[in-house]
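# A closer look at the structure
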Amino acid sequence: MKETAQQILNDPFLNKGTAFTKAERAQFGLTGMLPPHVQTLADQVKQAYAQYQTETTMLEQRIFLMTLFNENRVLFYKLFSQHVAEFMPVVYDPTIADTIENYSALYVNPQNAVFLSIDDLDSMKTTLTNAADGREIKLIVVTDGEGILGIGDWGTQGVDISVGKLMVYTAAAGIDPSQVLPVVLDAGTNRDSLLNDDLYLGNRHERVRGDRYYDFVDQFVQTAEALFPNLYLHFEDFGRSNAANLLNKYKDQIVTFNDDIQGTGIITLAGIMGALNISGAKMTDQVYMSFGAGTAGAGITHRIFEEMQQAGLSEQEARSRFYMVDKQGLLFDDDPELTPEQKPFARKRSEFANAAELTTLEAAVKAIHPTILVGTSTQPGTFTESIVKEMAAHTERPIIFPLSNPTKLAEATAEDLIKWTDGQALVATGIPAAPVDYHGVTYEIGQANNALVYPGLGLGTIASTAKVLNDEMISAAAHSLGGIVDPTEVGAAVLPPVTQLEVFSQTVANAVAESAVKQGINKEPITDIKQAVAHLKWVPEYKTVQ
Ligand SMILES: NC(=O)c1ccc[n+]([C@@H]2O[C@H](COP(=O)([O-])OP(=O)(O)OC[C@H]3O[C@@H](n4cnc5c(N)ncnc54)[C@H](O)[C@@H]3O)[C@@H](O)[C@H]2O)c1
Ligand SMILES: O=C(O)C[C@H](O)C(=O)O
Ligand SMILES: [Mn+2]
């Protein structure tokens, strides 16, 4: 190794801490620079977990785990892999929302992230090269911080979502953490509290819009593609006015993925298929209502709409099953504010005798009687008891998914939904929810969070060397998650449990890679798909260093 002893100890990809053997210590000049007793990885994991357990709040637990992450990636991921379901809400959503809101105040370490500024385009290539530091980068998660979860614009502080999503990629699907880069594109922020905060670490100006913004993103995309030819580019938490535009611009050119549009579409479709498995109802009989028809709402609607057509409905029949409700109420086609993604699902006023009154969710539910209600509105408590009871009065097993994150923004709690519908609602939530005991039955609550699917989707796509990520692969991912849950069990969840995340990420990866190879869009020849996927998997173990 060319690095000095200090460089080794300060490099989280090389550092083994107290697990450096005597021989390694002698070889790399580390003798006496660590406490004398040599620990195994298992010893280190035991010690770290005990220390983790002394932290009392989830925020403190996350800060502790991020210290390990900053110091030693193998140790961090070994520990994470042994406590996946326990750590997910700590490392990722919902606690990550707190660290994003307080990023500048809590800042201690850049966490190997890349900070690209719209005010300094000339340094972009050098920055990306320096950040990669000779590593072959296969996966980037990029955000511009404008639409973080449901908490909005956090400027540069949104970088934590890129770091957090990548941690889940590695824990769930075994993406090699030395082959990833978290990136934030800082185009400014419109949040006054940040602009007026003298500790804020991002650019202190309003968001740049229009051509200058799109040129900035494009320069990033082109530079990253040129530097890293085998790149899978994941977009996360862009604002509503840009997310779909960027996906449409790049999806047929490069291997790219928008998590909020496509990832959320897949997991919600998988959850609905799980719910229909339980109820025995048919996809083609459903009436779908999207509450909060923004990036995620429209992405999910698009996916379910495609599925209804695959299940046999004509385009027109399928379209007639969808209703979108946003701030204005039910969306009508004469509304000048409609986004391009909303337009295909907006209704005609002539369909309703009382169209002018359909300005609330409650009125829309009364008029339409949806069988599926999915919330991506960022508006907490909006699935009220009377709305839910109204829905349940017209459908035996209503499918109700309050998906807004983090916890404080959910449209309803799983517990209320189960109680208000006397156990009939088939529920999934965006954040983890405890099982609900009601009248002697324990209802397991599925988590419809894109984290259950994007790691496998990425692993499968990268392993297959696909030229693009297309609709067939996305559909294969959603379908591969069906059938994992046993629908005959009373109170069964509509999605598999996060405790099985590693297992079903593998299932998703295999299905996605198989779809790519079947379509013949793989760049490299692949004879054994499962082996190609398995081959890419990184495991958290110390390697002998040379
Ligand atoms: N569970 C998941 O996997 C998942 C994935 C993506 C997004 N989400 C959540 O979905 C929510 C929305 O995210 P997004 O990226 O789509 O944001 P977005 O800003 O693109 O969309 C939010 C939509 O809600 C609408 N809205 C706001 N107030 C409303 C009201 N009072 N009534 C009805 N609609 C209203 C907005 O006009 C907008 O169209 C967030 O809370 C996010 O955390 C969850
Ligand atoms: O990050 C999450 O937990 C899911 C989703 O991408 C979101 O934006 O809410
Ligand atoms: Mn997101």
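Residues numbered from 1 in each chain as written. Chains lettered and ligands numbered in written order. Predicted model: local features only at pLDDT ≥ 70, side-chain atom pairs only at ≥ 80, totals over all residues. Heavy atoms only, no water.

So, about the UniProt feature "domain: Malic enzyme N-terminal" (unreviewed entry) in the protein. Within this structure's numbering, the places UniProt gives as "domain: Malic enzyme N-terminal" (unreviewed entry) are residues 69-251. The span residues 69-251 shows a helical share of 47% and a strand share of 11%, and its end C-alpha atoms are spaced 32 Å apart. (UniProt positions renumbered as here; feature names shortened; annotations may be inferred. Helix = DSSP H or I, 4+ residues; strand = E, 2+ residues; numbered from the N terminus.)

Turning next to the coordination of the manganese ion (ligand 3). At this site the manganese ion (ligand 3) is bound by E236 (OE), D237 (OD) and D260 (OD), with donor distances of 2.0 to 2.1 Å. If you list the donors of the manganese ion (ligand 3) from N- to C-terminus, the spacing comes out as E-D-x22-D. Taken together, the positions of E236 in the loop between β4 (232-235) and α13 (243-250) and D260 in helix α14 (residues 259-279) put the pair 24 residues apart, joining distant regions of the chain. Exposure remark for E236: the relative accessible area of 1% places this residue in the buried category. We classify D260 as buried; its relative accessible area is 15%. (Donors = N, O, S within 2.8 Å, 3.2 Å for Na, K, Ca; no water. Buried < 20%, exposed > 50% of the residue type's maximum accessible area, 1.4 Å probe, protein only.)

The next point concerns the domain arrangement of the protein. Each domain of the protein was delimited in the assignment, giving domain 1 (40-254) and domain 2 (262-451). Each of domain 1 and domain 2 was reduced to a C-alpha centroid, and the two centroids are 30 Å apart. Broken down residue by residue, the surface that domain 1 buries against domain 2 is led by D93, G150 and R240, which jointly contribute 38%. At the boundary of domain 1 and domain 2, one finds 1 salt bridge. The salt bridge partner of K408 is E101, with a shortest N-O separation of 3.3 Å. The tally of links between domain 1 and domain 2 comes to 6 residue pairs in polar contact (both at pLDDT 80 or more). When contributions to the side of domain 1 that touches domain 2 are tallied by element, the ones reaching two or more residues are α6 (84-91), α7 (95-101), α10 (159-173) and α13. (Domains from an automatic or database assignment. Buried area = accessible area lost by both parts, 1.4 Å probe. Salt bridge = Lys/Arg side-chain N within 4 Å of Asp/Glu carboxyl O. Polar contact = N/O pair within 3.5 Å; in protein donor to acceptor, adjacent residues only side chain to side chain.)

Residues with a pLDDT of 70 or more make up 100% of the protein, whose mean pLDDT is 97. Both scores are given for the predicted complex: the pTM is 0.98, the ipTM 0.99. (pLDDT = per-residue confidence, 0-100.)

Moving on, we get to helix α18 (residues 385-394). When α18 is considered as a whole, its buried residues turn out to be I387, V388, E390 and M391. Down the axis of α18, the smallest arc covering the buried residues is 160°, so these residues share one side. Lining the buried residues of α18 we find α17 (361-368), β9 (372-375), β10 (399-402) and α19 (414-420). (Arc of directions from axis to C-beta. Contact = heavy atoms within 4.5 Å.)

In this section: the sheet that holds strand β7 (residues 322-326). With respect to topology, 7 strands assemble into an open sheet ordered β8-β7-β6-β9-β10-β11-β14, the strand pairing being mixed. Among the strands making up the open sheet, the edge pair consists of β8 (329-330) and β14 (446-447). Here strand β11 (residues 426-429) runs beside β14; their pairing, made up of 2 bridges, is parallel. Counted as the bridge partner of T429 is Q447 from β14. Along the sheet face, α17 touches β6 (288-291), β7, β8 and β9 and points at about 175° away from the line of β6. (Pairing = 2+ DSSP bridges. Axes fitted to C-alpha atoms, helices over the stretch in contact; angles between N-to-C directions.)

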